[in-house]
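Analysis of the macromolecular model
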Amino acid sequence: MNRYIENLKCFLAEQAPTFRFDDATSIMDMLCYYYCSANPVDNAVIRCQFKALNDLVRPMTVAESDTLFNMVSELCLSYERQAFLDGLQAGMHLFLELENPIP
């Protein structure tokens with residue numbers, strides 16, 4: 001069995017994964033993208049905060065408000081991505097601990 005595993009590892013090391021979008025650099029990035037696309041985060045608190053932000057940017061020029069909105073959106077996406085990746089890694093560690101309990 002080890003021979004097959006080693007052959008598979010060699011094959012995977014030689015083959016670059018093909019992702020369906022440019023931003024993915026790993027399988028975890030791809031999982032995050034598809035999970036977040038299928039399960040968008042939206043709740044009353046987020047809608048309320050965006051309304052408050054919109055009220056604050058109203059006196060700004062369109063270019064200024066677009067810049068601010070883009071920055072806030074990028075921050076939100078970064079937090080969402082990091083939370084997903086941290087949760088995935090925590091889940092993997094939990095699985096390992098359940099499989100091999102520490103005495």
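Residues numbered from 1 in each chain as written. Predicted model: local features only at pLDDT ≥ 70, side-chain atom pairs only at ≥ 80, totals over all residues. Heavy atoms only, no water.

**Examining the overall build of the protein chain**
Helix and strand counts for the protein chain come out as 4 helices and 0 strands. Starting at the N terminus, the α and β elements of the protein chain follow one another as α-α-α-α. Over its C-alpha atoms the protein chain spans a radius of gyration of 21 Å, topping by over 25% the 13 Å that the globule rule assigns to 103 residues. Along the first, second and third principal axes, the C-alpha set of the protein chain runs to 65 × 40 × 20 Å. A total of 103 residues make up the protein chain; the buried ones form 12% of that total. Excluding contacts between residues fewer than 6 apart, the proportion of contacts in the protein chain whose partners are at least 24 apart in sequence is 45%. (Helix = DSSP H or I, 4+ residues; strand = E, 2+ residues; numbered from the N terminus. Rg over C-alpha atoms; globule rule 2.2 N^0.38 Å. Buried < 20%, exposed > 50% of the residue type's maximum accessible area, 1.4 Å probe, protein only. Contact = heavy atoms within 4.5 Å.)

**Observations concerning a nonpolar patch on the surface**
Taken together, the side chains of Leu8, Phe11 and Leu12 make up a nonpolar region of the molecular surface, amounting to roughly 320 Å² of accessible area. With respect to the helices, strands and loops of the structure, Phe11 is situated in helix H1 (residues 2–14). (Patch = residues over 30% accessible without salt bridge, like charges linked within 9 Å, V, L, I, M, F, W, Y side chains within 5 Å. Areas by Shrake-Rupley, 256 points an atom, 1.4 Å probe, with all protein chains shown as cover. Salt bridge = Lys/Arg side-chain N within 4 Å of Asp/Glu carboxyl O.)

**Points about the packing of aromatic side chains**
Centre distance and the angle of the planes are the two values used to describe a pair of aromatic rings. Tallied over the entire structure, the rule returns 3 aromatic pairs. When the ring of Tyr33 is compared with that of Tyr34, the centres are 5.1 Å apart and the planes differ by 80°; the resulting orientation is edge-to-face. On the basis of relative accessibility, which here comes to 39%, the residue Tyr33 falls in the partly exposed class. In this structure, Arg3 packs its charged tip against the face of Tyr4, placed 4.7 Å from the ring centre. (Phe/Tyr/Trp six-rings, centres within 6.5 Å; stacked < 30°, edge-to-face > 60°. Lys NZ or Arg CZ within 6 Å of the ring centre and 35° of its normal.)

**Some remarks on the packing of helix H3 (residues 44–57) against helix H4 (residues 62–99)**
Between H3 and H4, the least distance of the axes is 10 Å, while the angle of their chain directions is 155°. Between H3 and H4, the crossing angle belongs to the class labelled roughly antiparallel. Between H3 and H4 lies a crossing whose hand is right-handed. Across the interface between the two elements, Phe50, Leu53 and Val57 from H3 touch Ser65, Leu68, Phe69 and Val72 from H4. (Axes fitted to C-alpha atoms, helices over the stretch in contact; angles between N-to-C directions. Parallel < 35°, antiparallel > 145°, perpendicular 65-115°, else oblique. Left-handed = near helix turned anticlockwise from the far one by under 90°.)

**Structural notes on H1**
In a regular helix each residue adds 1.5 Å, so 13 residues correspond to 18 Å; H1 covers 18 Å between its end C-alpha atoms and thus fits that length. In terms of burial, H1 is a largely surface element, 0 of the 13 residues being buried. (Expected span 1.5 Å × (residues − 1).)

Purely geometric numbers; function is a separate question.
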